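Inside the fold
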Amino acid sequence: MRIEEIWWKNLTNPSSFTENIICSILDGKSSAVIYKDEIPWKEDFIQNILFEVERESPNMKTNIHRISEYVEPDEYIMQKYCNREERSLYWGPRDHSKAKFLSKSSKSTLNKSNVIIDITNADNTDEWIGFAEEYNSYFSEEEEHGVFLLLMQDTEFSGTDNIRCFDYSRYIHDFDIFMLCMTILSSQNCSIQKKQYISEIAVSLAGDNVVVAGELAEYKGSLPVNVSRIAEKVFKENGLSCDDIAVQIKTALWKAQVKILFPIIEQFRSRFIEMNYDKLRKYKLDSYKANNVFELEVGQLYHLCYTQGIFKKELNFLEKVRNARNSLAHLEFVPNSDVDILMSKCLSYPNDR
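Residues numbered from 1 in each chain as written. Predicted model: local features only at pLDDT ≥ 70, side-chain atom pairs only at ≥ 80, totals over all residues. Heavy atoms only, no water.

1. Focus on the pairing of strand β1 (residues 30-35)
Counting buried positions along β1 gives 6 out of 6 residues, so the element sits mostly inside the fold. Burial along β1 is two-sided: S30, A32 and I34 facing one way and S31, V33 and Y35 facing the other are all buried. Here β1 runs beside strand β5 (residues 163-167); their pairing, made up of 5 bridges, is parallel. Each residue of the ladder has a partner; that of V33, found in β5, is F166. Both β1 and strand β4 (residues 147-153) contribute to a ladder of 5 bridges, which runs parallel. Pairing of S31 across the sheet is with L149, part of β4. (Buried < 20%, exposed > 50% of the residue type's maximum accessible area, 1.4 Å probe, protein only. Helix = DSSP H or I, 4+ residues; strand = E, 2+ residues; numbered from the N terminus. Pairing = 2+ DSSP bridges.)

This is the structure in structure tokens:
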């Protein structure tokens, strides 16, 4: 399945966002979709709406109009939905507005249409809202009329009596991007923790760019191993700057390890003490400022085992765990080769003894 299909059809919030818009159109309510930077896989998003609306309301014709420069909404709609003969009947604003004329016109196809207006880089979104609002105000809920769906970028709008507002940012959150990555990795033959780790790297590198996160996650187990090469490739393909990519990678790896690896280390520490409690409790802990062995940090635990000459077979691994924890505590990431070993042995302890 393609990434965009997973995003718009399989994930709860993105699919709910689309379904609510579709329901609004089928309910005869004009709507505005507002978004800040971009809608990921926007064409798929529009086509999904178009397909469902045409399937559920075959009596209404659905059209898509892409507006990339300033046009007067009323004049644009008049040109698209009235023939020349019908337009000649409009006498001008002294009589009534074009929006009212269109609402009363028996020959205009607008009143039997669902109209999707994709407004990009146009600075008159308020005029489009005003036109759709006025046009819809001339109809009762029961009357058949045209339904508008306005897609508007960087617009402040919260809805009116006749236009519902769907704010992309209110539906979609960082967790949705993380779940996209986890879904992409669902068939990967590795632990759930490793899948979470790869997903966290992808999300951290991509920020709020869903497309980039998904493409990074598609590299699956190769991402942590070849993160510099992969990140640079994906960034360039999506037109993103690679100037600070080394810093971004370092930060992304550290964040992912703090979220996923650090708790695994803590789990190992607790489990190690629990399994070896009878032996560890025999030693004095005064120099560690610990009341009992369960309060020993990983570094202290390693020091105790080293100085007392105990758990020699596990000492090398304890040292690796200590070094990893110290690295994370000092804002340094752990090398990927160590991450795999730490995850595997920490999660399987004590069964790997």
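Right, picking up where we left off after that structure.
2. Notes on the packing of aromatic side chains
For the coordinates displayed, the defined rule picks out 18 aromatic pairs. With a centroid separation of 6.3 Å and an interplanar angle of 75 degrees, the aromatic rings of W7 and W8 are classed as edge-to-face. For the pair formed by W7 and W8, the shared burial category is buried. Chaining the aromatic ring pairs together yields one cluster made of W7, W8, F17, F45, Y168 and Y171. Across from the ring centre of F311, 5.2 Å away, lies the NZ or CZ of K279, which sits over that ring. Here K345 stacks its cationic end above the ring of F317, 4.8 Å away from the centre of that ring. (Phe/Tyr/Trp six-rings, centres within 6.5 Å; stacked < 30°, edge-to-face > 60°. Lys NZ or Arg CZ within 6 Å of the ring centre and 35° of its normal.)

3. Some words on the side chain of D118
Tracing the backbone shows D118 in strand β3 (residues 113-119). Sequence-distant contacts of D118, defined by excluding residues within four places in its chain, comprise Y35, K42, I46, H65, R66, I67 and L151. (Contact = heavy atoms within 4.5 Å.)

4. Brief notes about the sheet that holds β3
If you trace the 5 strands from one edge of the open sheet to the other, you get β2-β3-β4-β1-β5, paired in parallel fashion. Both outer strands of the open sheet, β2 (61-67) and β5, are each paired with one neighbouring strand and no more. When the angles between neighbouring strand axes are averaged without regard to direction, this sheet yields 15 degrees. Pairing between β3 and β4: 6 bridges, direction parallel. Along β4, the bridge assignment pairs I116 with L149. Across the sheet, helix α4 (residues 73-81) lies against β2, β3 and β4, angled at about 135 degrees from β2, the strand it touches most. Lying over the sheet, helix α7 (residues 125-137) contacts β1, β2, β3, β4 and β5, oriented at roughly 165 degrees with respect to β4. (Axes fitted to C-alpha atoms, helices over the stretch in contact; angles between N-to-C directions.)

5. Notes on a negative patch on the surface
A contiguous patch of negative charge on the surface is contributed by D37, E38, D154, E156, D174 and D208. Here D37 is to be found in the loop between β1 and α3 (42-56). (Patch = residues over 30% accessible without salt bridge, like charges linked within 9 Å, V, L, I, M, F, W, Y side chains within 5 Å. Areas by Shrake-Rupley, 256 points an atom, 1.4 Å probe, with all protein chains shown as cover. Salt bridge = Lys/Arg side-chain N within 4 Å of Asp/Glu carboxyl O. Lys, Arg positive; Asp, Glu negative; His and termini not counted. Charge placed at Lys NZ, Arg CZ, Asp CG, Glu CD.)

6. Some thoughts on the packing of helix α10 (residues 192-206) against helix α14 (residues 245-275)
Where α10 meets α14, the closest approach of the two axes is 8 Å, and the angle between their N-to-C directions is 150 degrees. Here α14 runs roughly antiparallel to α10, going by the angle between their axes. α14 is crossed by α10, and the crossing has right-handed handedness. Counted together, Q193, Q196, Y197, E200, I201, S204 and L205 of α10 and Q248, I249, T251, A252, L253, K255, A256, Q257, K259, I260 and I264 of α14 form the full contact between these two elements. A class-by-class count of the residues in the contact of α10 with α14 yields 9 nonpolar, 6 polar and 3 charged. (Parallel < 35°, antiparallel > 145°, perpendicular 65-115°, else oblique. Left-handed = near helix turned anticlockwise from the far one by under 90°. Nonpolar A, V, L, I, M, F, W, Y, C, P; charged D, E, K, R; others polar.)

7. Examining the pattern of salt bridges
Scanning the model with the defined rule gives 25 salt bridges in all. Note that K29 is salt-bridged to E141, the shortest N-O span being 3.7 Å. Here K29, found in the loop between α2 (12-26) and β1, pairs with E141, found in the loop between α7 and β4; they are 112 residues apart in sequence, far enough to count as distant. The exposure class of K29 is partly exposed, given its relative accessible area of 25%. Among the ionic pairs, D278 bridges to R281, the shortest N-O distance being 3.7 Å. Like R281, D278 is exposed. Through salt bridges with shared partners, a single ionic network connects R2, E4, E5 and D44.

8. Description of the side chain of S105
On the secondary structure map, S105 appears in the loop between α6 (98-104) and β3. Of note is the side chain of S105, whose polar atom sits 2.4 Å from the side chain of E86. Reaching out from S105, the side chain makes a polar contact with the backbone nitrogen of S108 at a distance of 3.1 Å. (Polar contact = N/O pair within 3.5 Å; in protein donor to acceptor, adjacent residues only side chain to side chain.)

9. Some remarks on helix α13 (residues 227-237)
Within α13 the residues assigned to the buried category are V227, I230, A231, V234 and F235. Along the long axis of α13, the arc covered by the buried residues comes to 125 degrees, so they all point the same way. Set apart from the buried face of α13 by more than 90 degrees, the exposed residues are R229, K236 and E237. Among the structural elements, α10, α11 (210-217), α12 (222-225) and α14 are those in contact with the buried residues of α13. Downstream of α13 by one or two residues, G239 has phi in the positive range, about 70 degrees. (Arc of directions from axis to C-beta.)

Spatial relationships are all this shows, so hold off on functional conclusions.
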